[in-house]
Every structure is written in C-alpha cells, then in structure tokens.
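Here are the chains, one letter per residue:
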Amino acid sequence: MGQNRKIVVVGSSNTDMIIQIDRFPVPGETLLGKDFRVLPGGKGANQAIAAVRLGGDVALVARLGSDLFGDQSLENFRKEGLDVQGVVQDKLLPSGVAQITVDAAGENTILVASGANNALSTAQVSEHAGLLESADFILMQLEIPLETVRFIVEKYGNNGKKLILNPAPAFHLPEEMYAALHAIIPNQAETRFLTGIGVTNEDTAVHAAAFFHEKGVEVVVITLGAAGAFLSSPGFTGSLPAPEANAVDSTAAGDTFIGAIAAGRCSGMDWKDAVIFANRAAALSVTKYGAQSSIPFLAEVQKHF
Ligand code: RIB
C-alpha cells in the first residue's frame, strides 16, 4: 500500500457483554444461554481499530467514563496504535455498554446503554479541532449525539475533508447534511429506514443509491451481509460479492467493512478495490466471536486472499 492519508473517527466506544444462545428469546421468555464474554466494542471504536489494523493512520475522538471499562478501553486504544489525544474520560457518566446476544446462526441483537457516548459534544470536537483539521477522511456513525455529527458535517464537509457516514443506528438525517457527505455506508435495514426502499436486487439498490445521490452524496455503498456490497460511485456501479465464510458471529462485520474502506481509500485504492478489500476483511471477521476480537490485521487479509 502506498500513500497513507489520515483518518479521524468520531464515534462511540462500548464494552460489549455477549451471551451466546441457540435462539433469541421472545418478550417475557427466560432462556438459558451458553458462553458469556466481556469484550471491547462500540461502532466508532470498532471502525477505528479496523482501520488501524488494516494499515490506516487513525485517530479516535471518543468519550469514555472514568471507570474500569473506560480505563480498559483507553489502554486498549493505545495498545492498538490509535492516536488517543481526542479520547476524553467523562467525570460523571459511565462508559457505554452493549448487551449482545448471538444465536446459533451467528446473527445478533444489540442493546446499547450509551453513557458517556451521549456527552461527546460539539465542545469536545471543537477542543480537538486541530485533529479534525489534520484529517483527510472523517468517519462517523450515529451512536453519538446527532447534533455533534451535524456540527462536524457543517464545519468540515465543505472544507476539503472527505466525510464518510455510517448511519447506524438509523435516524432520520437533516436534509442539508447529505450534500456535505462524501460517502454514506448503510446496511439494508438502514437503507430501508432512510429511503423507504427495500434492497433485494441490483435494481432496487440502484434506486436506493439514487435517493442519496439526488441529495448530494457522491458515493453510496450499501452493505448486503454475506452477499457483499453494492457500490454506486463515479468510477463504478454494481454489486461486489463477498467471499464465502464460515460465519460464527456477525457482530462488527459492518464496522470491519467500513474501517477497511477507510484504510483502503487512504492507502490509494479506488472505491471498487476498497470495497473488494473491505468484503474480504469483513468475511474474515465473521469467522471469530466478538467485535474488536474478530477484526483481522492487514497481514491476515493478505494471507487469505
Ligand atoms: O456494530 C457492533 C457494535 O454495535 C458493538 O460492538 C456494540 O458495542 C454496538 O455499538
């Protein structure tokens, strides 16, 4: 990989509490689960760690609690090689946690208690303006206040920075935000929520992508789970299938994909090659349990493909 431009991820960090189960419980039902694990997660942190493991130069802007989970997360970020000057430990709020269940097919349900993530404010972003100004790509999700995401989009979107938004979990976005985004990367459920279009084939994917393009987004990538992704970009439009994988846990496959896109683009790949690279990284991630524990390193992706 050649040039290496800088990625700044502004997003959440959680500690994931994961229980493996045969099937998901229905409301009112108690089920006995299997294995229980406590592992690092959060969409922002997962995407930052994917990007750094896959060769990116990455800084994270996040908010943790001043508690054991916060201390462990910060230590983990340093160990992974992230620039942590934008990571703050809130004095009052607890670190974010996520309660995750993973069924026998590797599908998951996730419930997040945001804690300090909800206090990742415009003020914190402004305090680290130098970091954001040094970025080539700014990567965001929606597990932090929408007001903060909107502030970044308004301030940096038309300022030469390439903003990539993963609209997860899905919220309706102010119309004017779209025009300042370089790329949007939703999954099928998020696409349906935002566009009203169920992506079931290439025609519906083109139709959904047009919804975002008409609002001013240059590049649209719709992730399709095990089927790979649909890319709609100036250089290439079409489906890019994922390699087959023996899936045990799909948690953070999307985060791995998005971090890989950022790392790939920053190393000089065009969008098509970056999506192919991201499909490979995400396929490896589903073969292991957990979020960050499943994200591959660049050498593993290169070895397998
Ligand atoms: O995308 C997976 C992540 O969603 C988990 O790590 C969990 O913390 C939630 O943020």
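Everything numeric in this text was worked out from a predicted model, so none of it was measured.

Student: Got a minute to help me understand the site of the ligand in this structure?
Tutor: Looking at the ligand, the residues that line it are Asn-14, Asp-16, Gly-41, Gly-42, Lys-43, Asn-46, Ala-98, Ile-110, Glu-143, Ala-252, Asp-255 and Ala-291. With respect to the ligand, the side chain of Asn-14 contributes an N or O atom lying 3.0 Å from an oxygen atom. In this structure, an oxygen atom belonging to the ligand sits 2.7 Å away from a side-chain N or O atom of Asp-255. Starting from 280 Å² of accessible surface for the ligand in isolation, the protein chains cover 97%. Those elements that provide at least two residues to the shell around the ligand are strand E2 (14-20) and helix H1 (43-53). Looking at the shell around the ligand residue by residue, the class counts come to four nonpolar, four polar and four charged.

Student: Honestly, the sheet that holds strand E6 (residues 96-102) in this entry has me stumped. Any pointers?
Tutor: Strand pairing in a sheet takes place through backbone hydrogen bonds and is either antiparallel or parallel in direction. Judged by pairing direction, the sheet is mixed, and its four strands sit side by side in the order E3-E2-E6-E7 without closing on themselves. In the strand order of this sheet, the two ends are held by strand E3 (36-41) and strand E7 (108-113), each with one partner. The mean inter-strand angle of the sheet, taken between neighbouring strand axes irrespective of direction, is 20°. Sheet topology note: the E6/E7 ladder contains six bridges and is antiparallel. Bridging from a neighbouring strand, Ile-100 pairs with Ile-110 of E7. Across the face of the sheet, helix H2 (residues 68-80) comes into contact with E2, E3 and E6 while running at roughly 100° to E2.

Student: Even after reading the chapter, I still don't get the packing of aromatic side chains, so can you show me in this structure?
Tutor: Where two aromatic rings form a pair, the distance of their centres and the angle of their planes describe that pair. Taken as a whole and assessed by the stated rule, the structure comprises three aromatic pairs. Taking 6.0 Å as the distance between ring centres and 40° as the angle between the ring planes, the aromatic pair formed by Tyr-178 and Phe-212 counts as tilted. Note that Tyr-178 is positioned in helix H6 (residues 175-179) and Phe-212 in helix H8 (residues 202-214), a separation of 34 residues in sequence. Between Phe-211 and Phe-212, the ring centres sit 5.3 Å apart and the planes meet at 90°, which makes this aromatic pair edge-to-face. Its relative accessible area of 0% is what places Phe-212 among the buried residues. An aromatic cluster of at least three residues, connected via ring pairs, comprises Tyr-178, Phe-211 and Phe-212.

Student: What is the right way to look at the nonpolar core in this model?
Tutor: Within soluble globular proteins, side chains that are nonpolar tend to cluster in buried spots. By size, the foremost hydrophobic cluster in this structure holds 47 residues, and its most contacted members are Leu-60, Phe-77, Leu-82, Val-221 and Phe-257. In contact with Leu-82, other than residues within four places in its own chain, are Ala-48, Ile-49, Val-52, Val-58, Leu-60 and Phe-77. Core analysis: the second largest hydrophobic core is formed by 38 residues, Val-149, Leu-163, Ile-197 and Ile-222 among them.

Student: Hey, could you run me through H8 in this one?
Tutor: Residues three or four positions apart in an α-helix share a direction because the helix packs 3.6 residues into each turn. Between its first and last C-alpha atoms H8 spans 18 Å; for 13 residues at 1.5 Å apiece the expected length is 18 Å, and the two agree. Taken as a whole, H8 has its buried residues at Thr-204, Ala-205, Ala-208, Ala-209 and Phe-212. Buried residues of H8, viewed axially, fall in a sector of 135°; they line one side. Along H8, the residues that are exposed and aim more than 90 degrees away from the buried face are Asp-203, His-207 and Glu-214. If you check the start of H8, you find a side-chain oxygen 3.2 Å away from the backbone N of Asp-203, and it comes from Asn-201. Gly-216 lies just past H8 and shows a positive phi near 115°.

Student: Sorry if this is basic, but what is going on with empty space enclosed by the protein here?
Tutor: Over the atoms a probe the size of a water molecule is rolled, and this reveals where empty space is left. Following the criterion strictly, the structure yields one cavity of 30 Å³ or more and no others. The space that makes up the largest cavity amounts to roughly 50 Å³. Looking at the largest cavity, the residues that line it are Ile-18, Ile-19, Gln-20, Asp-35, Arg-37, Leu-39, Asp-249, Tyr-289 and Gly-290. Residue assignment for the lining of the largest cavity shows that the elements contributing at least two residues are E2 and E3. A per-element tally of the lining of the largest cavity places E2 first, with three residues. Split into classes, the residues belonging to the lining of the largest cavity amount to four nonpolar, two polar and three charged.

Student: Any chance you could explain the sheet that holds strand E11 (residues 219-223) here in plain terms?
Tutor: Ordered in space as E5-E4-E1-E8-E9-E10-E11-E12-E13, the nine strands form an open sheet in which the pairing is mixed. At either margin of the open sheet sits one strand with a lone partner, and together these are strand E5 (83-90) and strand E13 (237-240). As defined by bridge partners, strand E9 (residues 162-165) adjoins strand E10 (residues 183-184) across two bridges and the pair is classed as parallel. By the bridge assignment, Ile-164 is partnered in E10 with Ala-183. Along the sheet, H8 makes contact with E10, E11, strand E12 (229-232) and E13, crossing E11 at roughly 135°.

Student: Which parts of the structure should I look at to understand the packing of H1 against H2?
Tutor: Angle between the axes and distance between the axes are the two parameters that describe a pair of packed helices. Between H1 and H2, the least distance of the axes is 10 Å, while the angle of their chain directions is 20°. Between H1 and H2, the angle falls in the class roughly parallel. The interaxial crossing formed by H1 with H2 has left-handed handedness. In this structure, H1 uses Ala-45, Ile-49, Val-52 and Arg-53 to contact H2, whose residues at the interface are Asn-76, Phe-77 and Glu-80. Residue composition of the contact of H1 with H2, grouped by class: four nonpolar, one polar and two charged.

Calculation notes
Residues numbered from 1 in each chain as written. Predicted model: local features only at pLDDT ≥ 70, side-chain atom pairs only at ≥ 80, totals over all residues. Heavy atoms only, no water. Near = heavy atom within 4 Å. Polar contact = N/O pair within 3.5 Å; in protein donor to acceptor, adjacent residues only side chain to side chain. Areas by Shrake-Rupley, 256 points an atom, 1.4 Å probe, with all protein chains shown as cover. Helix = DSSP H or I, 4+ residues; strand = E, 2+ residues; numbered from the N terminus. Nonpolar A, V, L, I, M, F, W, Y, C, P; charged D, E, K, R; others polar. Pairing = 2+ DSSP bridges. Axes fitted to C-alpha atoms, helices over the stretch in contact; angles between N-to-C directions. Contact = heavy atoms within 4.5 Å. Phe/Tyr/Trp six-rings, centres within 6.5 Å; stacked < 30°, edge-to-face > 60°. Buried < 20%, exposed > 50% of the residue type's maximum accessible area, 1.4 Å probe, protein only. Core = buried A, V, L, I, M, F, W, Y, C linked by side-chain atoms within 4.5 Å. Expected span 1.5 Å × (residues − 1). Arc of directions from axis to C-beta. 1 Å grid on protein atoms, 1.4 Å probe; cavity = no way out; pocket = protein on both sides within 12 Å on 5 of 7 lines; lining within 4 Å. Points joined across faces, edges and corners; volume = space filled by probe spheres on them. Parallel < 35°, antiparallel > 145°, perpendicular 65-115°, else oblique. Left-handed = near helix turned anticlockwise from the far one by under 90°.

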